[in-house]
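Coordinate inspection notes
This is what each chain is made of:
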Amino acid sequence: MVQTKVNCRIIIYSTTLVLLVFLQQVYTFCPSICTCEGDPNVRTWCIGVGLDVVPIQLNPDVRFINLTANQITHVHFTLTFYYKLEVLDLSMNRIEALGSRNFDTQANLRTLNLSENAIAAIPKDAFRGLKRLQVLKLCRNRVETVHSAAFHDLRNLIELDLSGNALTSLEPATLRHLYSLEVLSFQNNQLLEVPYERNLEHLGRLQLLDLSVNLLEYVANDSFVALRELRTLKLGGNILTELDVGAFHGLNGLKALDIVDNNLTVVPTLQLSKLCNLTYLSLSGNYFEGLPAVAFLNLFQLQQLHLDRLDRLAWIDARAFVDNTNLRILTLDDNPSFTSLPLRLFHSNPNLAEISMRRNALIRLDAVHFPLDRLHRLELAGNPLVCNCSLLWLWRLTTGYGLHESSDFRLIVPAAAAAAALITAAQPPEPPQDEAVPVAARAHHGLRIDRDEIGCDRYEDGRRTRHLLRAMTEGDIDCPTHLVTVVSAVLSILLVLATGASVLYVLRASRRRKQLLTDDDDPRRKAGVTELIVPHPQKVDRLELERYLAQQQSLVNEYRALRAPWELPLPVKEDLKYGSVAATGRELAPASGPTTDHYETLDYYQHQHQQQQQQQQQQQKRTLSRPHIVFV
Ligand SMILES: *[C@@H]1O[C@H](CO)[C@@H](O)[C@H](O)[C@H]1NC(C)=O
Ligand SMILES: *[C@@H]1O[C@H](CO)[C@@H](O)[C@H](O)[C@H]1NC(C)=O
Ligand SMILES: *[C@@H]1O[C@H](CO)[C@@H](O)[C@H](O)[C@H]1NC(C)=O
Ligand SMILES: *[C@@H]1O[C@H](CO)[C@@H](O)[C@H](O)[C@H]1NC(C)=O
Ligand SMILES: *[C@@H]1O[C@H](CO)[C@@H](O)[C@H](O)[C@H]1NC(C)=O
Ligand SMILES: *[C@@H]1O[C@H](CO)[C@@H](O)[C@H](O)[C@H]1NC(C)=O
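Just so you know, these numbers come straight off a predicted model, no measurement behind them.

Cut-offs used in this document
Residues numbered from 1 in each chain as written. Chains lettered and ligands numbered in written order. Predicted model: local features only at pLDDT ≥ 70, side-chain atom pairs only at ≥ 80, totals over all residues. Helix = DSSP H or I, 4+ residues; strand = E, 2+ residues; numbered from the N terminus. Buried ≥ 20, exposed ≤ 12 C-beta atoms within 10 Å, placed from the backbone. Contact = placed C-beta atoms within 7 Å. Near = placed C-beta within 6 Å. Nonpolar A, V, L, I, M, F, W, Y, C, P; charged D, E, K, R; others polar. Pairing = 2+ DSSP bridges. pLDDT = per-residue confidence, 0-100.

Now for the overall build of the protein chain. If you tally the helices and strands in the protein chain, you get 10 helices and 25 strands. Relative to its 632 residues, the protein chain shows a buried fraction of 29%. Pairs at least 24 residues apart make up 58% of the contacts formed inside the protein chain by residues separated by at least 6 positions.

A word on the site of ligand 3. Near ligand 3 you find Asn221, Asp244, Val245 and Gly246, and these make up its full shell. A class-by-class count of the residues in the shell around ligand 3 yields one nonpolar, two polar and one charged.

Here the focus is the site of ligand 1. Near ligand 1 the following residues occur: Ile47, Asn66, Thr68, Val87 and Asp89. Here the shell around ligand 1 is composed, by residue class, of two nonpolar, two polar and one charged.

The backbone of Arg101 shows a phi angle near 55°, a positive value even though the residue is not glycine. For Arg101, the location among the structural elements is in the loop between strand 4 (87-89) and strand 5 (111-113).

With that out of the way, let us pick up the pairing of strand 25 (residues 463-468). Among the six residues that make up strand 25, zero are buried, leaving the element largely open to the surroundings. As defined by bridge partners, strand 24 (residues 455-460) adjoins strand 25 across six bridges and the pair is classed as antiparallel. Paired with Cys456 across the bridge in strand 25 is His467. Counted between consecutive antiparallel strands, the loop separating strand 24 from strand 25 contains two residues, among which Asp461 sits at a positive phi close to 50°.

Moving on, we get to the environment of Asp311. Relative to the helices and strands, Asp311 resides in the loop between strand 18 (304-306) and strand 19 (315-316). Put simply, Asp311 and Glu289 are 22 residues apart on the chain and 8.2 Å apart in space, counted from C-alpha to C-alpha.

On to the confidence of the model for the protein chain, then. Detailed reading of the predicted model is not advised wherever pLDDT is low. Residue-level pLDDT values for the protein chain average 79, and 69% of them are 70 or greater. The low-confidence segment residues 525-540 (pLDDT under 50) makes 32 contacts with residues lying over four places distant or belonging to another chain. The low-confidence segment residues 554-563 (pLDDT under 50) makes seven contacts with residues lying over four places distant or belonging to another chain.

Mapping Pro292 onto the fold places it in the loop between strand 17 (290-291) and strand 18. Considered as a pair, Pro292 and Arg319 are 27 residues apart in the sequence and their alpha carbons are 7.6 Å apart. Setting aside residues up to four positions removed in sequence, Pro292 forms contacts with Asp317 and Ala320.

This part covers the environment of Leu365. Here Leu365 shows up in the loop between strand 21 (354-356) and strand 22 (377-379). Sequence separation between Leu365 and Ser340 is 25 residues, and the spatial gap between their C-alpha atoms is 8.1 Å. Setting aside residues up to four positions removed in sequence, Leu365 forms contacts with Leu341, Leu380, Leu385 and Leu394.

All of the buried residues in helix 3 (residues 392-399) are Leu394, Trp395, Arg396, Leu397 and Thr398. Here the buried face of helix 3 lies against strand 23 (448-449).

Next comes the structure, spelled out in structure tokens:
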């Protein structure tokens, strides 16, 4: 009897134990295909395991359920027990309908991810009860209609993502109760107009609004006027052709505006000029033909400007960016009609640090186009630049050749940096750059350039070939020597020669004049002058003319009647007058009688002068050798 009693007890105990263990297991049941985590944060993951319903036997205290990538088709009556749920991820399933009041007990739910399902409509009570919901993701579904009361309870919603759906419009007052909303995306829908009235106008706390990739053609006056807190507005990928003058009225706090890939044909200068706090602007992918002067009026805070893929852009006014004194980053990539960059374009942008102008149609770029001493990044690849001497500066930048010794633009590109480092190895490394230090105030910096891609074109036999600039030698770019040095040296030599020659000439002239004047009392010469100049004008050379003029000065009374040298008869006439007398001085000299002496004197003078001249020329040569040392 005792033994059976004991046996009974053992059986009872063990049964209770088994029962207890079993109950315990039921209480914290975790399907074998899922992963569960216990207290204090009860969490469950059942990811990509082919579930077709939400498991109902999980810990009722569960706070986090991740059911992403399953085959769940509905949420009817399956979430009722999980009233402590805070995060529910149902993304990448096959949910087609949300039904009514299925989240009624999820008063603690903060995050609900329903993206990548097949939801077509959001009925009236779909999200009823989600009073604490902060994040609702409905992206990449097929939502065409949202009931105007569907979001009625979501007063604490901060982020609503409806991107990748098929919305064409919103019912009035759909967004009305979303007082707390800060982020709203309608990206990639088919909205025909900005849902402002009775919708956006209630979202006084909105910071980011994404309306990109819709079918907006037009933005009316005051379309965002109540969005006082808006920081980012995305309107890219629409078909905007027009913006009302007051389209951006009220967006005083806007920092970033994206209007890429639209149909704008002129820069909306006036509309943008209201956005006084704008720091980022992208207008890429529009149809501007040019950027007029002060195209970005009043945008003094602008730091980043993107003007890429402007197929028709052909010109930029040199004053286009004058108001944008804080501009730091500018991209002008892929503008196939843009052939010439104006000089001084960046003169009023002292903070410009990064410029990208890749794949345009630029054929010529000069160093003066860019504030090279301030730039940190310069990208110029893919332009049909002509390989010639004008490109020497760019060749130097890409090869790093001779940069470390150049004092006029303190540039260090990666290859040259090593060389420069060797030179300045003794100096301690620079302290890290403080972002607050204005770019212009930094003494030394590296310039990053897309040196591995920049090429230039050479035209040979009408064929164009692109050469990598970095792989070329200095001679390849048609600058066989340092052209500037050569030109300046040649010019200097010419200048010195010219000065020397004129000095010599003056010296010679004055000395001769002096000597002739001292000879004036020689009576033979008084007679000789008349005979020399008048009857034998073909023998009159500049020397004699000068002597004549000198004598004229001293003997002005005697020779007043003499004809001025320019009045002398033409040699042809004289030849006729004197028959066939040969016109050489030696033959004429005996016939002229009294002038023989004079000619001898003259020859003597000439001889003397030649000697002097030779001496002076030798001296001159000596003085001339100096510039060679200086300039070459
Ligand atoms: C759920 O799991 C997926 C896949 O691991 C992950 O990408 C996702 O972030 C998770 N969801 C949440 C809310 O943590
Ligand atoms: C669903 O959304 C939540 C909240 O944004 C996010 O944390 C989670 O990673 C998303 N799930 C997936 C699979 O991306
Ligand atoms: C938009 O507002 C401007 C004044 O801010 C006004 O001149 C213009 O006519 C308005 N446009 C329309 C379509 O009402
Ligand atoms: C925007 O600019 C105005 C005046 O220029 C200034 O008063 C205001 O504080 C700025 N707002 C923000 C959010 O920076
Ligand atoms: C917008 O521009 C594209 C490309 O030029 C053109 O095909 C389209 O018809 C334009 N749309 C409108 C509404 O002007
Ligand atoms: C180099 O080519 C460009 C473009 O054809 C031309 O404008 C420039 O004058 C040329 N420079 C020299 C030094 O020949």
